[in-house]
Amino acid sequence: MEGGAYGAGKAGGAFDPYTLIRQPHTILRVVSWVFSIVVFGSIVNEGYLNSVSKGEEFCIYNRNPSACSYGVTVGVLAFLTCVLYLALDMYFPQISSVKDRKKAVLSDIGVSAFWAFLWFVGFCYLANQWQVSKPEDNPLNERTDAARAAIAFSFFSIFTWAGQAVLAFQRYQIGADSALFSQDYMDPSQDSSMPYVPYVEPSSGPDPAGMGGTYQQPANAFDPEPQGYQSQGY
């Protein structure tokens, strides 16, 4: 399996940013992150109008403060969720526990599906409140582009989060049948069980394995006294 079933690289391997940014789920996370900024940024900056008669601000979506609050809350929380799972994608190659890897992928499925549902609710809610807004509340049609942008990107976010859930489910299916969730899996680059070249017993004949340079201990290395040496008397 290529080191992209979930996160960058294989479990136990080093973090590779180039591999990470090429992953489809990472691309969708970044896109979802941008969409969430557009939604809550549009509502915070352009989602409120000033009342001429009362001199107070009101939500552009049918004067319903709950509509603006929902859009801002969902947008901010989706933004933070994207950041959290992007960090998890970077950390995932360092996770060696089988249970932790499974939990990470399963949580990705559940969280992504949940956010797709929240964005669906948000799109329906904002679109409905925008549709029933009274023209006299905004006779000059001020800030309407920002209000429509928040609705449009709420709609787009449904598919980006649903796509993340589908990709996470596919990764779980792949990982269930591969080394991703195997307790015995070990990245060869991280295997420290054989840090040195094994010792090969020297033979008297030719070197069939091409192991020229194999260490061979001198025959008399541990003789208490070299042969031929005689102590001199003084």
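Numbering of residues begins from 1 in every chain and follows the order in which that chain's sequence is written. Restriction of local features to residues with pLDDT of at least 70 applies here, the model being predicted, together with a cutoff of 80 or more for giving and counting side-chain atom pairs; totals for whole chains, interfaces and linings are based on all residues. Calculation of side-chain values draws on the structure's entire complement of heavy atoms; hydrogens and water are dropped beforehand.

J.: Quick question: what am I supposed to make of the overall build of the chain here?
T.: Regarding its fold elements, the chain presents 5 helices and 2 strands. Secondary structure is summarised from DSSP: a helix means a run of H or I of at least four residues, a strand means a run of E of at least two, and numbering begins at the N terminus for each. If you list the helices and strands of the chain from N to C, you get α-α-β-β-α-α-α. Remark: exposure states derive from per-residue accessible area (1.4 Å probe, protein chains only) relative to the maximum for the residue type, with buried under 20%, exposed over 50%, and partly exposed in between. Considering the chain as a whole, with its 234 residues, one finds that 35% of them fall into the buried category. For the area figures, the Shrake-Rupley method with a 1.4 Å probe applies, and any residue is considered shielded solely by the protein chains shown. Approximately 14600 Å² of the chain is accessible, and the part contributed by carbon and sulfur atoms is 60%.

J.: Just to check I follow, could you spell out the side chain of Thr81 for this structure?
T.: Tracing the backbone shows Thr81 in helix H3 (residues 65-91). Classification of Thr81 as buried rests on a relative accessible area of 13%. A 3.5 Å cut-off defines polar contacts: any pair of N or O atoms within that distance qualifies, except that in protein one atom must be a possible hydrogen donor and the other a possible acceptor, and neighbouring residues in sequence count only when both atoms are side-chain atoms. At a separation of 2.8 Å, a polar atom in the side chain of Thr81 contacts the main-chain carbonyl oxygen of Leu77. Pairs of residues are marked as contacts when any of their non-hydrogen atoms sit within 4.5 Å. Excluding residues that lie within four positions of it along the chain, Thr81 makes contacts with Val111, Trp115 and Trp161.

J.: In this structure, what is going on with the pattern of salt bridges? I would like to understand it.
T.: One speaks of a salt bridge when a side-chain nitrogen belonging to Lys or Arg is within 4 Å of a carboxyl oxygen belonging to Asp or Glu. Counted under the stated rule, the structure contains 6 salt bridges. One salt bridge connects Arg29 with Asp108, and the closest N-O pair in it is separated by 2.7 Å. With Arg29 in helix H2 (residues 24-46) and Asp108 in helix H4 (residues 98-131), the pair connects residues that are 79 residues apart, well separated along the chain. Accessibility expressed as a relative area gives 1% for Arg29, which makes it buried. One salt bridge connects Arg171 with Asp108, and the closest N-O pair in it is separated by 2.6 Å. With Arg171 in helix H5 (residues 144-176) and Asp108 in helix H4, the pair connects residues that are 63 residues apart, well separated along the chain. Neither residue differs from the other here; Arg171 and Asp108 are each classed as buried. The network of salt bridges with shared partners includes Arg29, Asp89, Asp108 and Arg171.

J.: Just to check I follow, could you spell out H3 for this structure?
T.: Multiplying 1.5 Å by the residue count of a helix minus one yields the expected span of that helix. Between its first and last C-alpha atoms H3 spans 39 Å; for 27 residues at 1.5 Å apiece the expected length is 39 Å, and the two agree. Two to three positions downstream of the cap, the backbone nitrogen of Ser66 sits 3.0 Å from a side-chain oxygen, assigning the N-cap of H3 to Asn64.

J.: I tried to follow unusual backbone geometry on my own but got confused; where do I start?
T.: Apart from glycine, the bulk of residues carry a negative phi angle, and the bulk of peptide bonds sit in the trans form. Even without a glycine there, the phi angle at Asn62 is positive, about 60°. Relative accessible area serves as the criterion here: at 25%, Asn62 is assigned to the partly exposed category. Of note, the phi angle at Arg63 is positive, near 55°, even though the residue is not glycine. Examined against the element boundaries, Arg63 turns out to sit in the loop between strand S2 (57-59) and H3.

J.: What's the story with the UniProt feature "transmembrane region" (unreviewed entry) in the chain in this structure? I'm lost.
T.: UniProt positions are given in the numbering used here, feature names are shortened, and annotations may be inferred rather than shown by experiment. UniProt tags residues 30-49, 69-88, 109-128 and 148-169 as "transmembrane region" (unreviewed entry). With 85% helix and 10% strand, residues 30-49 has end C-alpha atoms that lie 31 Å from one another. Spanning residues 148-169, this segment combines 100% helix with 0% strand, and its end C-alpha atoms are found 32 Å apart.

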